[in-house]
Amino acid sequence: MATDDRTAGPARRSNRSGPVVAITRWMENLGETGFAYLLLTPVVVLLGAIALYPLLRTFELSLYQNVLSDPEFVGLENYAQLFTGNADARMPGTTTFLPEVTTSGSFPYVHVDGLLRSALAVTIIFTVVSVFFETIIGFGQALVLDREFRGRRWVRAAIIIPWAIPIVIQGMIFYLMFHPDTGFLTEYLASWGLVAETNTLNDPASSLLIVTVADIWKTTAFMALLILAGLQSIDRSLYDVAEVAGASKWQQFKLITFPLVLPALGIAILFRTIDAMRVYGLIDSVSGCTTVPSLSCMVVETFNTNRGLASAIAFVTAGIIAVAVMGVIYQQYKEGL
């Protein structure tokens, strides 16, 4: 038996000093932050591989002209065309550039030539206006739904209905509401000077307003649900202490509700900003990309004529979205400090 113990001892010691044991001890010595980063590493690597490769591939394609039919290396020429307004983005079989936005005033919000600048301006206007009103209205809805009242469950379900409607159906609804023959809101809004009285869906300013309102109507529920999740995570005892201290409702909102819901609000704004910068389906189903050009519209419209240019627009769009995302994240990081 002694011989067996002596022979088993070295085997046990060798197992304790193997690579598996060394890795286990290294993981045990990690702090909470280091261990959290370790658990997130596989996800980061996987998402990086999934997201980074298409992005690099898109940049590679943007260096060519008509990369599928007749690939020709042109370097940064597609980007130069975008920023100088000389992009060759014509409709198939025509000489019409997309979009027709000139200094003649056909589009009152944009008075510059150039494919990228006009599409970028439309995208920014749509994103800023829609996200702003969705945040304000969604915040108000979340505050109401956070309170106890009869039928709250049914009201929550009803708010989700617009968000559940497919984009194409939503676009057709607003298309029919403002169609010259079937629309019933055109005359009323035209009397207030909000939309053009005739050819409403062919007027860039009117169409942009309609598309923006349609997006606010649909995705406000998304903002409300995310903000409501943040409100529900607030400790209710804080409000009891505030009431005992004599704090008013406004003081409770200013000192308790808003600071504690701000992280969830930032995440909601971030998600909606990314989604709004990629708007395409709603525009295409309501008025068309030639009337309300956006960056995503330009990618689709130029793909059949110049795939290299379409790749350049897609890469620039991804860069703009990345800058917006980093801005929101940095602002949240500053507030967290």
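One structure accompanies this document, and this report is about it. (Residues numbered from 1 in each chain as written. Predicted model: local features only at pLDDT ≥ 70, side-chain atom pairs only at ≥ 80, totals over all residues. Heavy atoms only, no water.)

## Remarks on the nonpolar core
Residues Phe 174, Phe 178 and Val 286 are the most contacted members of the largest nonpolar core, which totals 32 residues. Contributions of two or more residues to this core are made by α4 (77–84), α5 (115–145), α7 (167–177), α8 (186–191), α9 (204–232), α12 (281–286), α13 (295–303) and α14 (307–336). Beyond its immediate stretch of four places on either side in the chain, Phe 178 contacts Gly 183, Leu 185, Thr 186, Leu 189, Thr 200, Leu 201 and Ile 210. Residues Leu 145, Ile 159, Ala 242 and Leu 265 belong to the second largest nonpolar core, which totals 14 residues. (Core = buried A, V, L, I, M, F, W, Y, C linked by side-chain atoms within 4.5 Å. Buried < 20%, exposed > 50% of the residue type's maximum accessible area, 1.4 Å probe, protein only. Helix = DSSP H or I, 4+ residues; strand = E, 2+ residues; numbered from the N terminus. Contact = heavy atoms within 4.5 Å.)

## Focus on α7
Along α7, the residues classified as buried are Gln 170, Gly 171, Phe 174 and Met 177. Buried residues along α7 cover an arc of 125° about the axis, so they all sit on one side. (Arc of directions from axis to C-beta.)

## Brief notes about a nonpolar patch on the surface
On the surface, Ile 124, Val 128, Val 129, Phe 132, Phe 133, Ile 136 and Ile 137 cluster together into a nonpolar patch covering about 610 Å² of accessible area. On the accessibility criterion, Val 128 (52% relative accessible area) is exposed. (Patch = residues over 30% accessible without salt bridge, like charges linked within 9 Å, V, L, I, M, F, W, Y side chains within 5 Å. Areas by Shrake-Rupley, 256 points an atom, 1.4 Å probe, with all protein chains shown as cover. Salt bridge = Lys/Arg side-chain N within 4 Å of Asp/Glu carboxyl O.)

## Observations regarding the packing of aromatic side chains
Two numbers describe a pair of aromatic rings. These are the distance of the centres and the angle of the planes. On inspection of all chains with the given rule, the structure shows ten aromatic pairs. Through a chain of ring-to-ring contacts, three or more aromatic side chains come together here, namely Phe 139, Trp 250, Phe 253 and Phe 258. (Phe/Tyr/Trp six-rings, centres within 6.5 Å; stacked < 30°, edge-to-face > 60°.)

## Focus on the pattern of salt bridges
Throughout the structure, instances matching the rule amount to seven salt bridges. Of the charged contacts in the structure, one is a salt bridge between Arg 57 and Glu 60, with a shortest N-O distance of 3.1 Å. One end of the pair is Arg 57 and the other is Glu 60, both in helix α3 (residues 32–62) and three residues apart, which spans about a single turn. With a relative accessible area of 37%, Arg 57 lands in the partly exposed category. The partly exposed category is assigned to Glu 60, whose relative accessible area is 36%. Glu 134 serves as the salt-bridge partner of Arg 272, at 2.7 Å between the closest nitrogen and oxygen.

## Some points on the state of the cysteines
Enumeration according to the criterion identifies one disulfide in this entry. Residue Cys 289 pairs covalently with Cys 297 via a disulfide, S to S 2.3 Å. The sign of the -65° torsion about the S-S bond sets the Cys 289-Cys 297 disulfide as left-handed. There is no split in this pair, since Cys 289 and Cys 297 are both buried. (Disulfide = S-S within 2.5 Å.)

## Focus: the side chain of Thr 317
Structurally, Thr 317 can be placed in helix α14. Contacts of Thr 317, omitting those with residues within four sequence positions, involve Met 277 and Leu 295.

## Let's talk about the side chain of Thr 127
Within the secondary structure, Thr 127 is located in helix α5. Discounting chain neighbours no more than four positions away, the residues touching Thr 127 are Thr 273, Ala 276 and Met 277.

## Quick notes on the packing of α9 against helix α11 (residues 249–277)
The relative placement of two packed helices is expressed as an angle between their axes plus a distance between the axes. Contact geometry of α9 with α11 gives a least axis separation of 8 Å together with a crossing angle of 140°. When the interaxial angle is binned, α9 and α11 end up oblique. Both α9 and α11 take part in a crossing whose hand is right-handed. Listed contacts from α11 to Asp 215, Thr 219, Phe 222, Met 223, Leu 226, Ile 227, Gly 230 and Leu 231 of α9 are Thr 257, Val 261, Ala 264, Leu 265, Ala 268, Ile 269, Phe 271 and Arg 272. Looking at the contact of α9 with α11, its residues break down into eleven nonpolar, three polar and two charged. (Axes fitted to C-alpha atoms, helices over the stretch in contact; angles between N-to-C directions. Parallel < 35°, antiparallel > 145°, perpendicular 65-115°, else oblique. Left-handed = near helix turned anticlockwise from the far one by under 90°. Nonpolar A, V, L, I, M, F, W, Y, C, P; charged D, E, K, R; others polar.)

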